[in-house]
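So you can see what is in the structure, the chains are spelled out below.
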Amino acid sequence: QAMFHLGEMVTATQSVSDEVLELLGQEMNYQIQVVSPEEEDRELLDSFDITFGEDAGGDEDLLPRPPVVTVMGHVDHGKTRLLDTIRKTNVHEGEAGGITQHIGAYQVATNLEGEERLITFIDTPGHEAFTAMRARGATSTDIAVIVVAADDGVMPQTAEAIDHARAADVPIVVAVNKIDKPGANPSKVRQQMSDYGVVPEEYGGDTMFVDISARQGVNIEGLLEAILLTADASLDLRANPTMEAQGVAIEAHLDRGRGPVATVLVQRGTLRVGDSVVAGDAYGRVRRMINEFDEDVTEALPARPVQVIGFTSVPGAGDTFLVVEEDRVARQIADRRRARLRNAQFAAARKRVSLEDLDKA
Ligand code: GTP
Ligand code: MG
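Residues numbered from 1 in each chain as written. Chains lettered and ligands numbered in written order. Predicted model: local features only at pLDDT ≥ 70, side-chain atom pairs only at ≥ 80, totals over all residues. Heavy atoms only, no water.

For the protein, an unreviewed UniProt entry supplies the name Translation initiation factor IF-2 and the organism Actinoalloteichus caeruleus DSM 43889. What the UniProt record of the protein gives under Subcellular location (unreviewed entry) is the line "Cytoplasm". Taken verbatim from the UniProt record of the protein, the Sequence similarities (unreviewed entry) comment is "Belongs to the TRAFAC class translation factor GTPase superfamily. Classic translation factor GTPase family. IF-2 subfamily." (UniProt positions renumbered as here; feature names shortened; annotations may be inferred.)

Trainee: I keep staring at the sheet that holds strand β6 (residues 172-177) and nothing clicks. Help me out?
Mentor: Across a sheet, paired strands are connected by hydrogen bonds in the backbone, their directions being either parallel or antiparallel. Taken together, the six strands give an open sheet; going across it, the order is β3-β4-β2-β5-β6-β7, and neighbouring strands pair in mixed fashion. On the outer flanks of this sheet lie β3 (104-112) and β7 (208-211), each paired with one strand and no other. Averaged over all pairs of adjacent strands, the angle between their axes in this sheet comes to 30°, without regard to strand direction. Across four bridges, the pairing between β6 and β7 is parallel. Residue pairing in the sheet places Val174 in a bridge with Phe209 of β7. In the packing of helix α4 (residues 79-87) onto the sheet, the strands contacted are β2 (68-73), β3, β4 (115-123) and β5 (143-149), and the crossing angle to β4 comes to about 155°. (Pairing = 2+ DSSP bridges. Helix = DSSP H or I, 4+ residues; strand = E, 2+ residues; numbered from the N terminus. Axes fitted to C-alpha atoms, helices over the stretch in contact; angles between N-to-C directions. Contact = heavy atoms within 4.5 Å.)

Trainee: I tried to follow the environment of Thr158 on my own but got confused; where do I start?
Mentor: Counting through the fold element by element, Thr158 comes out in helix α6 (residues 156-167). Thr158 sits in the buried class, given a relative accessible area of 0%. When the C-alpha atoms of Thr158 and Val75 are compared, they prove to be 8.9 Å apart, with 83 residues separating the residues in sequence. With residues up to four places along the chain from it excluded, the contact list for Thr158 reads His74, His77, Ile146, Val148, Gly153 and Met193. (Buried < 20%, exposed > 50% of the residue type's maximum accessible area, 1.4 Å probe, protein only.)

Trainee: Would you take a moment to explain the packing of aromatic side chains for this structure?
Mentor: Geometrically, a pair of aromatic rings is defined through the distance of the ring centres and the angle of the planes. Tallied over the entire structure, the rule returns zero aromatic pairs. The lysine or arginine in question, Arg268, covers the ring of Phe52, its NZ or CZ lying 5.4 Å from the ring centre. (Phe/Tyr/Trp six-rings, centres within 6.5 Å; stacked < 30°, edge-to-face > 60°. Lys NZ or Arg CZ within 6 Å of the ring centre and 35° of its normal.)

Trainee: Looking at this structure, how should I read unusual backbone geometry?
Mentor: With the exception of glycine, most residues fall at negative phi, and the peptide bonds are largely trans. Residue Lys178 is not a glycine yet carries a positive backbone phi of 60°. Here Lys178 is to be found in the loop between β6 and α7 (186-195). Judged by its relative accessible area of 22%, Lys178 is partly exposed. Non-glycine residue Ala303 carries a positive phi angle of around 75°. Note that Ala303 resides in the loop between β15 (299-300) and β16 (305-311).

Pasting the structure below:
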């Protein structure tokens with residue numbers, strides 16, 4: 001009955017929006033407060049005296065850190081080949097069918113004008129099926145490099161990449177790739193990107209476009225320079241390396257030999273072998289850390305991606321991770337998150353039940 005007063009028709013099997021629930025509470029003199037999952041998680045961590053996020057660790061001890069760059073673009077436009085050329089190795093050839101299926105992460109040392117600087121690259125798949133993965137990639141990044149094949153031009157996932165970069169509010173650098181190909185038309189790419197509001201500097205906009213050939217290794221230095229210029233011009237990239245590590249799991253899977261393996265990006269603090277960690281509802285202790293060259297490492301600094309072995313279950317891609325003082329705390333946080341997740345799955349059903357009860361009252 002109360003629902004009619006609120007001017008909204010609700011059938012017994014529909015779930016209601018949070019706003020309607022709050023209004024309904026008011027009408028019936030109940031104080032209903034809807035808490036978001038993020039707030040709920042913050043409260044959970046609060047109860048362990050843990051702060052997660054940019055504010056953790058305070059303003060002191062902030063040191064410059066490398067930029068984290070996510071490479072996005074339409075399928076087959078050359079993202080993995082580009083990273084390959086930058087690293088001068090050959091991951092690309094080993095990929096099943098040549099289509100990237102998951103996120104890869106690498107840190108490279110660039111040497112521009114005698115100055116050595118690190119850049120962290122996150123490779124994303126371009127296939128249309130992997131929208132969620134790209135969206136996640138864009139949120140843990142400082143800069144988006146959008147690769148556009150000059151013979152193909154702007155395609156659906158190019159436009160999608162622009163949207164992700166905008167939603168995450170990160171600056172874009174455009175790599176116009178495959179300029180070695182006969183049908184390549186780099187100025188058409190500039191025109192098309194302008195139509196999407198990504199306007200090149202040479203047309204009076206604020207986005208750097210760099211013509212490259214990932215295959216022939218043409219102008220890769222120019223692209224790296226554009227990335228560093230963009231980072232220096234618009235971003236204050238600093239992090240506290242002295243605190244316990246925090247970051248995000250960018251990919252995770254179950255390996256036959258190694259058990260759960262999670263690629264994590266350390267965003268602040270230093271991650272060390274032996275640390276107690278929790279990522280989403282997974283926890284464990286860091287037994288081994290492996291870098292992009294399959295070498296064991298003992299610590300990982302801010303902006304470093306690293307594979308972590310030692311979780312007792314597989315974290316979700318996109319889960320935040322943090323180091324806690326002891327295993328017991330890690331397990332408690334993980335257990336409580338898992339319980340909450342289970343509760344949330346029943347919540348919709350419960351909402352419906354209580355509405356039916358209200359109707360009878
Ligand atoms: P997904 O990850 O599946 O979205 O593809 P991708 O963007 O990573 O493309 P990938 O690097 O796998 O390259 C696709 C194809 O384009 C491969 O055959 C590459 O060798 C080729 N390719 C990449 N860059 C260039 C280039 O600069 N010139 C030419 N001619 N071919 C290139
Ligand atoms: Mg790829």
